[in-house]
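So you can see what is in the structure, the chains are spelled out below.
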Amino acid sequence: MKKSLKNYTLRYITIIILIVIAVWATLFYAYIIEEVYDNVDDGLKNQKIEIIRAAYQDESILKTDTFGINQFKITKSNVKKKHLEKSTFRNELIYMPYDDDMEPYRILTTYFYGKDNQMYHLEIRTSTVEEDELKYDLATALIILYFLIIISIFLLNTLVFYRAFKPFYQILDKLEQYQFGKIRISEPIKSNVREFNLLDTEIDKMLDRNEKIFKQQKLFIENASHELQTPLAISTNKLELLLEDEDLAEHHLITISETKESLERMIKLNKALLMLSRIENNQFEAIEKINFNSLIHEISEELTDLMSFKGIDIQINEHGTFTIDFNVDLAKILLSNLMRNAINYNKSPSGLIKIEVYQHQFTIANTGKGKALVAEHIFDRFHKENDAVNSNGLGLSIVKTIIETNKNINISYLYSESLHIFKIHKL
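To keep things clear, this report deals only with the structure shown in the data block. (Residues numbered from 1 in each chain as written. Predicted model: local features only at pLDDT ≥ 70, side-chain atom pairs only at ≥ 80, totals over all residues. Heavy atoms only, no water.)

**Section: the overall build of the chain**
Part 1 of the argument: Each helix and strand counted, the chain has eight helices and eleven strands in total.
Part 2 of the argument: Burial analysis of the chain (427 residues in total) assigns 34% to the buried set.
Part 3 of the argument: The long-range share in the chain, meaning contacts at least 24 apart out of those at least 6 apart in sequence, stands at 66%.
Part 4 of the argument: Accessible area of the chain: about 27400 Å², with a carbon and sulfur share of 55%. (Helix = DSSP H or I, 4+ residues; strand = E, 2+ residues; numbered from the N terminus. Buried < 20%, exposed > 50% of the residue type's maximum accessible area, 1.4 Å probe, protein only. Contact = heavy atoms within 4.5 Å. Areas by Shrake-Rupley, 256 points an atom, 1.4 Å probe, with all protein chains shown as cover.)

**Regarding a nonpolar patch on the surface**
Part 1 of the argument: The grouping of Tyr12, Ile15, Ile19, Val23 and Leu27 at the surface amounts to a nonpolar patch, some 480 Å² of accessible area in total.
Part 2 of the argument: Tracing the sequence through the fold places Ile15 in helix α1 (residues 5–57). (Patch = residues over 30% accessible without salt bridge, like charges linked within 9 Å, V, L, I, M, F, W, Y side chains within 5 Å. Salt bridge = Lys/Arg side-chain N within 4 Å of Asp/Glu carboxyl O.)

**Some thoughts on the packing of aromatic side chains**
Part 1 of the argument: What the rule picks out here adds up to six aromatic pairs.
Part 2 of the argument: Arranged with centres 5.3 Å apart and planes meeting at 50 degrees, the rings of Tyr413 and Phe422 form a pair that is tilted. Judged on exposure class, the residue Tyr413 and its partner Phe422 are both buried.
Part 3 of the argument: Clustering of aromatic rings is evident, with ring pairs tying together Phe292, Phe322, Phe326 and Phe362.
Part 4 of the argument: Over the face of the ring belonging to Tyr105 we find Arg125, whose NZ or CZ atom lies 5.2 Å from the ring centre.
Part 5 of the argument: A cation over an aromatic ring shows up here: Lys426 above the ring of Phe322, its NZ or CZ 5.1 Å from the ring centre. (Phe/Tyr/Trp six-rings, centres within 6.5 Å; stacked < 30°, edge-to-face > 60°. Lys NZ or Arg CZ within 6 Å of the ring centre and 35° of its normal.)

**Some thoughts on the sheet that holds strand β1 (residues 72–76)**
Part 1 of the argument: One open sheet holds the four strands; their spatial order is β1-β4-β3-β2, and the pairing between them is antiparallel. Of all the strands in the sheet, the pair left with one neighbour each is β1 and β2 (87–96). Taken over all neighbouring pairs, the strand axes of this sheet differ in orientation by 25 degrees on average, direction set aside.
Part 2 of the argument: As paired elements, β1 and strand β4 (residues 119–127) share five bridges and run antiparallel to each other. For Ile74, the partnering residue across the bridge sits in β4 and is Leu122. (Pairing = 2+ DSSP bridges. Axes fitted to C-alpha atoms, helices over the stretch in contact; angles between N-to-C directions.)

**What about the packing of helix α7 (residues 328–344) against helix α8 (residues 395–405)?**
Part 1 of the argument: Interaxial distance between α7 and α8 falls to 9 Å at its minimum, and their mutual angle equals 145 degrees. Crossing of α7 against α8: the hand is left-handed. Here α7 contributes Leu330, Ile333, Leu334, Asn337, Leu338 and Asn341 to the contact with α8, which in turn contributes Gly395, Leu396, Ile398, Val399, Ile402, Ile403 and Thr405.
Part 2 of the argument: When its residues are assigned to classes, the contact of α7 with α8 shows nine nonpolar, four polar and no charged. (Left-handed = near helix turned anticlockwise from the far one by under 90°. Nonpolar A, V, L, I, M, F, W, Y, C, P; charged D, E, K, R; others polar.)

**Looking at the packing of helix α5 (residues 292–302) against α7**
Between two packed helices, both the angle of their axes relative to each other and the distance between the axes serve to describe the pair.
Part 1 of the argument: Running from N to C, α5 and α7 cross one another at 50 degrees; their axes reach a closest spacing of 10 Å. For the element pair α5 / α7, the angle class is oblique. Every pair of crossing elements has a handedness; the one defined by α5 and α7 is right-handed. Across the interface between the two elements, Phe292, Leu295, Ile296, Glu298, Ile299 and Ser300 from α5 touch Ala331, Lys332, Leu334, Leu335, Ser336 and Met339 from α7.
Part 2 of the argument: For the contact of α5 with α7, the class distribution of residues is eight nonpolar, two polar and two charged. (Parallel < 35°, antiparallel > 145°, perpendicular 65-115°, else oblique.)

**Side note on the nonpolar core**
Part 1 of the argument: In terms of nonpolar packing, the biggest core is built from 38 residues, with Phe292, Phe326, Leu338, Phe362 and Ile364 touching the most fellow members.
Part 2 of the argument: For this core, the elements supplying multiple residues, two or more each, are α5, β7 (323–326), α7, β8 (351–357), β9 (361–366), α8, β10 (409–416) and β11 (419–426).
Part 3 of the argument: The greatest single-element share of this core, amounting to nine residues, is contributed by α7.
Part 4 of the argument: Ignoring anything within four residues of it in the chain, the contact list for Ile364 reads Leu335, Leu338, Met339, Ala342, Ile353, Lys354, Ile355, His420, Ile421 and Phe422.
Part 5 of the argument: In this structure, Val40, Ile74, Leu108 and Ile124 belong to the second largest nonpolar core, which totals 14 residues. (Core = buried A, V, L, I, M, F, W, Y, C linked by side-chain atoms within 4.5 Å.)

**Digging into the pattern of salt bridges**
Part 1 of the argument: Using the criterion set out here, one finds eight salt bridges in the structure.
Part 2 of the argument: Among the ionic pairs, Glu202 bridges to Lys205, the shortest N-O distance being 3.8 Å. Linking Glu202 with Lys205, this pair stays in helix α3 (residues 194–243), spanning three residues, or about one helical turn.
Part 3 of the argument: Using a relative accessible area of 37% as the deciding quantity, one classes Glu202 as partly exposed.
Part 4 of the argument: Residues participating in the shared-partner salt-bridge network are Lys73, Arg90 and Glu123.

**A word on the pairing of β11**
Part 1 of the argument: Across the eight residues of β11, six count as buried, placing the element largely inside the fold.
Part 2 of the argument: Bridge count for β10 against β11 is eight bridges, and the pairing is antiparallel. Bridged to Tyr413 within β11 is Phe422.

**A look at the environment of Lys332**
Part 1 of the argument: Relative to the assigned elements, Lys332 resides in helix α7.
Part 2 of the argument: What makes Lys332 partly exposed here is its relative accessible area of 32%.
Part 3 of the argument: Spatially, the C-alpha atoms of Lys332 and Ile299 are 7.5 Å apart, while their sequence positions differ by 33 residues.
Part 4 of the argument: For Lys332, the residues in contact, after removing those within four places along its chain, are Leu295, Glu298 and Ile299.

**Examining α5**
Part 1 of the argument: Turning to α5, its buried residues number three or more, namely Phe292, Asn293, Leu295, Ile296, Ile299 and Ser300. Here the buried residues of α5 occupy an arc of 165 degrees about the axis, which is enough to place them on one side. Exposed and oriented more than 90 degrees from the buried face of α5 are Glu301 and Glu302.
Part 2 of the argument: Its side-chain oxygen at 2.9 Å from the backbone nitrogen of Asn293, Asn291 defines the N-terminal cap of α5. (Arc of directions from axis to C-beta. Polar contact = N/O pair within 3.5 Å; in protein donor to acceptor, adjacent residues only side chain to side chain.)

Encoded structure:
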């Protein structure tokens, strides 16, 4: 699944921060625990010095061979001299009658010579219950702090990224709303980030260039179509006169007839291009309340002979009245192109056109090719199916252009139950 730039960046930053803080918290915890044990060990070392000094002054202390109130014991030892003055530390669990439980202790072990030149083994212990509670409290505090820092960083990053990327999303909105040939009101974005300002400026320049090229192409098509009308009409008339000449051979008449058909297709293409140009130039401005139910019946009657010739039946089911503010000429062109498309791509004979009219939508469905069309391209200019020999590929493109002139309706295509369905619905 695709992610937004903000979430994509924030995810990686959060993961990195999680790892960094986790490493920092672990090192901090280890450092504090080491400091705690250092303090405990320093206390035990200090006790060791005091006990050894006391043993030199009072030899009865050397007979303390069990842990008592003073939490130390001294026993005779025969270890080598190299162990003298060396202290080792260990942690050990010792049974505590009061709690009836095993509690942690820190134990110092060392060796020393007594006044009688005898080697003695000294063990001193101290409870580390408080230190263990400190470790637990410290670990809990670090975990809570860890999550609080992460939540705070996430919220702050979200806020910062939202403010930082706001100009970027404004640029995206500008691109999404842009349409060729439409009046574009462009205001420069307000940002302190040089890259965003540069991006906005360059996009405005690109759109202006594209708009200029689009207008030039549209003007060229319009002028070329106008200029072609007269020579095409003259050529067609002359070919019709030649077809009436009885002195021409049959194969000449066939050639002229085929040429005339090609010219007629060119005339249709020329008219379609002119129609597109007029629609895009907003030359159909008169708007009125249109009853599409009545208009559907009117267009159907006009095409009755063509449908009868091709053996196509039509069904019109009215479940409501579809009315909308529209230009009447464009409404007729819209319905006519949809109906002719349903006829041209239908089965012949035994074909069917099914029209369903509701209050908020109407559909025009037809039998035909036994699989769905490519919905992404059927409204493209000059797009046509392989078997559409006589089509110029502009019929549905004109429909789409007409729909785009009115912001209150939309068109969609689907294939269902062996029917190709075009649905016009209110937004």
